[in-house]
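Notes for the structure review
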Amino acid sequence: MTSPATEHRSTSATEDQGGAAALSSSSVQVARSRGLHGWRAFSFVVPYLLFLVLFGILPMLYALKLAFTKASGGFAGFRNFTDTAKDYRFVPAMEHVLVYTTVWLSLLMVFVVLLALLLHGRASRASSMFRFMYYFPGALAGAASVLVWLFMLDPSVSPGSFFVHHVLGAHHFVESIAPGKLPFIFAMIAFWTGAGGWVVVLYGALNTIPTELEDAARIDGAGPLTLALRLKLPLIRKWIAYMVILSFATGTQLFVEPQLVNQASLGMVPDTWSSNQLGYQLAFRYADFNAAAAIAVDLLVVGLLAAFVIISRTGLFKAAD
Amino acid sequence: MKHRRLWPAVAVMVLAFVSACGGSGGGSSKADLTVWVDAARLPVAKAYQKAHPDVKMDIVTFDGDGNGATTLQSKIQLWNKAGKGWPDVIFSEQANDPVWMGQKPFDFAATITDLMPDSVLSQWPATSTAQCTVDGRQVCVQDNIAQVVLWVNKKKMDEFGYTVPTTWQDWAALGAKVATEHPGYIVGNIGDSYSHWIYLWANQCPLSGVDGNSVTINATDQHCTEMADLVDPLIKNGTLPPLGVFTPDFAKQYGGDDDKVLMMPGPSWYAKAVFNDTLHMPAGEITAAPPLQWEGDSEVTTGQVGGGPWIISKHAKDSKAAADFVTYATTEFNPTGADARPGYPAYAPAADTWLKGMAADTFFASDPTPALKDAADKIWGGWSLVTYPDQPVWSDTVVSKLVAGDSLSSLLEPLGEALANAAKAAGYDVAGN
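The paragraphs below set out a description of the structure included in this document. Computed from a predicted model, the values in this text were never measured in an experiment.

Next up on the list: the packing of helix α10 (residues 182-206) of chain A against helix α13 (residues 237-252) of chain A. All names here are of chain A. α13 packs onto α10 with a crossing angle of 160° between their chain directions and a minimal axis gap of 10 Å. Taken together, α10 and α13 sit at an angle that is classed as roughly antiparallel. The element α10 and its partner α13 pack so that their crossing is right-handed. The residues of α13 that touch α10, namely those facing Trp198, Val201, Leu202 and Ala205, are Trp239, Ile240, Tyr242, Met243, Leu246 and Ser247. When grouped by side-chain class, the residues that make up the contact of α10 with α13 number nine nonpolar, one polar and no charged.

Residues and elements named next belong to chain B. By secondary structure assignment, the location of Trp86 is in the loop between α3 (71-82) and β3 (89-91). You can call Trp86 buried: its relative accessible area is 19%. The spatial distance from the C-alpha of Trp86 to the C-alpha of Cys224 is 41 Å, given a sequence separation of 138 residues. Residue contacts for Trp86: discarding those within four places in its chain leaves Trp79, Asn80, Phe108, Ser313 and His315. Of note is the side chain of Trp86, whose polar atom sits 2.8 Å from the side chain of Asn80.

Bringing unusual backbone geometry into the picture now. Cis geometry marks the peptide bond from B:Lys104 to B:Pro105; its omega dihedral reads 0°. In this structure, A:Leu266 takes a positive phi of about 55° despite not being glycine. The exposure class assigned to A:Leu266 is partly exposed, which follows from its relative accessible area of 33%. At B:Gln204, a residue that is not glycine, the phi angle is positive and equals roughly 65°. Along the chain, B:Gln204 turns up in the loop between α10 (195-199) and β9 (209-211). Residue B:Gln204 is classed as buried on the basis of its relative accessible area of 15%.

This next bit is on the interface of chain B and chain A. Where interface size is given, it is often the accessible area lost as the parts come together that is meant. Taken together, the contacts link 29 residues of chain B with 23 residues of chain A. Between chain B and chain A the total buried area reaches about 2,300 Å² when both faces are included, carbon and sulfur atoms providing 62% of it. When the buried area of chain B at its contact with chain A is split by residue, B:Thr70, B:Gln77 and B:Asp249 rank highest and sum to 19% of it. Our enumeration of links across chain B and chain A arrives at eight residue pairs in polar contact (both at pLDDT 80 or more).

This part takes up the pairing of strand β8 (residues 148-153) of chain B. Residues and elements named next belong to chain B. Most of β8 is tucked away: six of the six residues are buried. In this sheet, strand β11 (residues 263-267) lies alongside β8 in antiparallel orientation, the contact comprising five bridges. If you follow Val148 over to β11, its bridge partner there is Pro267. One ladder, built from four bridges, connects β8 with strand β12 (residues 286-289); its direction is antiparallel. Within the sheet, the bridge partner assigned to Leu150 lies in β12 and is Ala289.

What counts and how
Residues numbered from 1 in each chain as written. Chains lettered and ligands numbered in written order. Predicted model: local features only at pLDDT ≥ 70, side-chain atom pairs only at ≥ 80, totals over all residues. Heavy atoms only, no water. Axes fitted to C-alpha atoms, helices over the stretch in contact; angles between N-to-C directions. Helix = DSSP H or I, 4+ residues; strand = E, 2+ residues; numbered from the N terminus. Parallel < 35°, antiparallel > 145°, perpendicular 65-115°, else oblique. Left-handed = near helix turned anticlockwise from the far one by under 90°. Contact = heavy atoms within 4.5 Å. Nonpolar A, V, L, I, M, F, W, Y, C, P; charged D, E, K, R; others polar. Buried < 20%, exposed > 50% of the residue type's maximum accessible area, 1.4 Å probe, protein only. Polar contact = N/O pair within 3.5 Å; in protein donor to acceptor, adjacent residues only side chain to side chain. Buried area = accessible area lost by both parts, 1.4 Å probe. Pairing = 2+ DSSP bridges.

So, in structure tokens, the structure goes:
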């Protein structure tokens, strides 16, 4: 019963760019515990492992080294961390990312679960078309979808200018991207591209619930709402936890959306709006790769802490329910 | 049977991998001369290639590093780390780029005086050469001078019976009049990333006075506050909108055949680039008037918006070829008519030819050249170029709040603070704050 779910998990891990190290180790762990009759499983996992090491683990170790050394190479202790924390852009960037991640995760948890439950409750022919439609925006690369949204948010060229005028209250593009609105705009853009894929994943998770359980619940008199809340939701909570871990990581590491809006607005949205952008500027404007590495390690620690909390709270790696 | 079905898939994967790896463009090691230009300078590069078919050129267009972008800094960092890949010539839209290019850790710019003869270099105005001088050595030559003048819609001014103002105070009074008599018309705009160069630089507001490693930033100086007090009512009554000229909103609202631009303080390169190419204003309306003077001041000072520099790389394989290209681009390339250079050439003999072309251009309501020539040497020298860009600071700290309805006077102190932060982060000591 668990095998289609775990194979589903390892293929979708290759799709998402969150790339938490915890995830691939979990899939390898499970493969090992089921014995090596899956050399085919290995042949799927090994290419990903190669890229994970080359572009994930090795750069992370290099960044760790850079974060604790000086530009000349000597040991610097925690100096890079304290220096970056004192930078006048550090705290605002962290605040922006915190608000953004909160909005983004709330939107994601509520609407993705809702949509997945709705999709699962409907007839199968209609739901396969909807699954495609939900997944489709996610096929657009992040940068391309931001460009689409830049047009949508500009009242003079947007096809949805009615909404931009009345919901956002903006008559000019510069009003659409006013500082207070930015976390919500970025969350909207990220939701539009990312949510669909997760709906499909959670739909797959819902499919692992044996129909006998559902039928038994229906016989006992459970309506659709009780079915969704009392039966399905608790059974897919591990998949929801997985989604929250990955989305937390991608949320705190926000870069593409504010960077493109910075360029489109000719600098009105600062190029250090998010922490990742600040790291980029430190590396390439000030040639201070050590400070940039310190920010990267900050984000890594935050992501790992969140992952640890969620894993221990939901028992994500516990074998059976 | 399962194994037989696996081989075609593997073969396809290998082919896809190989084709993705090979054939990435940019064989710059094969070209004799690699130049990086923005879109507006592409005709120059193409013309040089045409005139010198024996020189194999690699012409790369990029965003010009405009509006305070970090494009060139990231690129030069990467090339320095890799130890290869530098282009031979770069054109930048950011006038302060040579300042950091000529210093460590970037250390990209070659000394121009070693590569171009003094007889040629002496024909640049002293202020232009001074802007290209870093630590006593000249690291660039400016393509054009971008002195700010007062662009006037002569046709509409005559129609409404207004006279062209000569002082900032008269201009503001006219703005107040226009708001009641002809609402919808504008006397300027303050939403561009460089608007502080037009209004604050012109009135000698001390926001960028460099002395060695120290920069003076005093946003509450009288020169700044009096200008802010002057323009605040205009921003409020809509004759000085906090919008940028290059946004689609602006062109829609104020451009086109029925344009609403009555006056606009702006640099010399607005001539065709903004009024014709961007706003599509009809011919016979726009002309240039001398820059505005603060009433009571004995001298006229004006601001500057750009003046893009050409920089030659220290690592150029063939410095002579690079210098030859830059010489061609700044001194020889000077077509007339529709293909004319967008900016007022910094090289004086080229400027004369360009001015003659502008005077004969039927797009303007009257000859704009006397005003342009007059303003060329009036750029206030107390505003120095620094290693950090101040455009994003202005956009983020001021323009975004002006859009929300705040007054410029209330934003001067935050602007000064933000500029001081940017200066300190770039390694300067800040005085005067």
